[in-house]
Every structure is written in C-alpha cells, then in structure tokens.
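Read off the chains here:
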Amino acid sequence: MAVAMKLFFLALIAAVLFTAPPASAVTCGDVVKNLAPCISYALGSATAIPQPCCNGVRTLNSLAATTADRRNVCNCLKSAAASYANKPAALNKASRIPASCGIRVGYAINPKVNCNTIS
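Let us look at the structure shown here. What you see is a predicted model; the values in this text were computed from it and never measured.

## Examining the packing of helix 2 (residues 28-35) against helix 4 (residues 51-63)
Remark: helix 2 packs on helix 4, axes separated minimally by 8 Å, with the N-to-C direction vectors making an angle of 155°. Here helix 4 runs roughly antiparallel to helix 2, going by the angle between their axes. The element helix 2 and its partner helix 4 pack so that their crossing is right-handed. Contacts between helix 2 and helix 4 involve Asp30, Val31, Asn34 and Leu35 from the first element and Gly56, Val57, Thr59, Leu60 and Leu63 from the second. Looking at the contact of helix 2 with helix 4, its residues break down into five nonpolar, three polar and one charged.

And the structure:
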C-alpha cells in the first residue's frame, strides 16, 4: 500500500512538472493537495469515501473556473490514472468519486480521456 501511494504521488509530481500549461491558474499541485484525502478510498484501505475527499473534489471543481483550468485538472488526473492502468479496481473506484460526492465534473477519470474536448 505504501509503495502504491508513493507511485501515485510520483505520477502526480511528474504531472506537475511536465503537463501544467502556463495559462491555467489551477496546477497539478492543487490537484494533489485537494485529492490526497481520496487515496485511501481509491486504493481500497477505506471502505467509504472520506468527507475530506468530497470536500477536496468540491474545492477543486470550484477552482477550475475556466476551460484552461478544467483541461489542466483533467490532464493531471489523466496522468495519475495512467500510472494505475494496471489497477482497474482502483481506477474504477477513483472514477466514481465525483458522482458519489454529488459533483459533476463532465468527463471520465481514466488514462484515455481526451482533455482537449473539455470546455
């Protein structure tokens, strides 16, 4: 479990360094900070979505006010999802988090999503 969390954070750090477009106010660092409470649920050590996870999703959703912000958040999530391509159960749980928290993000959280179609 500790190795999986380290890999998740390394993937998000790589996303911060390599995919953050300069026009976006929301960074991959913001994504990591707000979604960190969701990791225990996505990786299976928590059976229910922690309230701080939903709070983080809600905060991140409100921060992503522009198309550039929403695309950047999508690309950060896509990069993180790609690092879990061999863990379909974790990806499946992670993809259900926004809806389970009552938040509509408008795209699937998976490594194949086309973030350029987000408006």
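## Side note on the nonpolar core
Within the largest apolar cluster, 24 residues are counted, with the highest numbers of intra-cluster contacts made by Val31, Leu35, Val57, Val73, Leu77, Ile97 and Tyr107. Counting only elements with at least two residues in this core, the list comes to helix 2, helix 4 and helix 5 (67-82). Of all hydrophobic cores here, the second largest spans six residues; its members include Leu43, Ala81, Tyr84 and Ala90.

## A short note on the state of the cysteines
Overall, the coordinates contain four disulfides when judged by the stated rule. Between the sulfur atoms of cysteine 38 and its disulfide mate cysteine 53 the distance is 2.0 Å. In this structure, the disulfide formed by cysteine 38 and cysteine 53 twists by about 100° around the S-S bond and is classed as right-handed. Of the two residues, cysteine 38 sits in the loop between helix 2 and helix 3 (39-42) while cysteine 53 sits in helix 4, which places them 15 residues apart along the sequence. Pair check on accessibility: cysteine 38 and cysteine 53 agree, each one buried. Paired by a disulfide, cysteine 74 and cysteine 115 hold their sulfur atoms 2.0 Å apart. Taking the sign of the S-S torsion, about -75° here, the bridge from cysteine 74 to cysteine 115 comes out left-handed. Of this pair, cysteine 74 sits in helix 5 while cysteine 115 sits in the segment after helix 6 (88-100), and the two are 41 residues apart along the sequence. Both residues of the pair, cysteine 74 and cysteine 115, count as buried.

How each quantity is defined
Residues numbered from 1 in each chain as written. Predicted model: local features only at pLDDT ≥ 70, side-chain atom pairs only at ≥ 80, totals over all residues. Heavy atoms only, no water. Axes fitted to C-alpha atoms, helices over the stretch in contact; angles between N-to-C directions. Helix = DSSP H or I, 4+ residues; strand = E, 2+ residues; numbered from the N terminus. Parallel < 35°, antiparallel > 145°, perpendicular 65-115°, else oblique. Left-handed = near helix turned anticlockwise from the far one by under 90°. Contact = heavy atoms within 4.5 Å. Nonpolar A, V, L, I, M, F, W, Y, C, P; charged D, E, K, R; others polar. Core = buried A, V, L, I, M, F, W, Y, C linked by side-chain atoms within 4.5 Å. Buried < 20%, exposed > 50% of the residue type's maximum accessible area, 1.4 Å probe, protein only. Disulfide = S-S within 2.5 Å.

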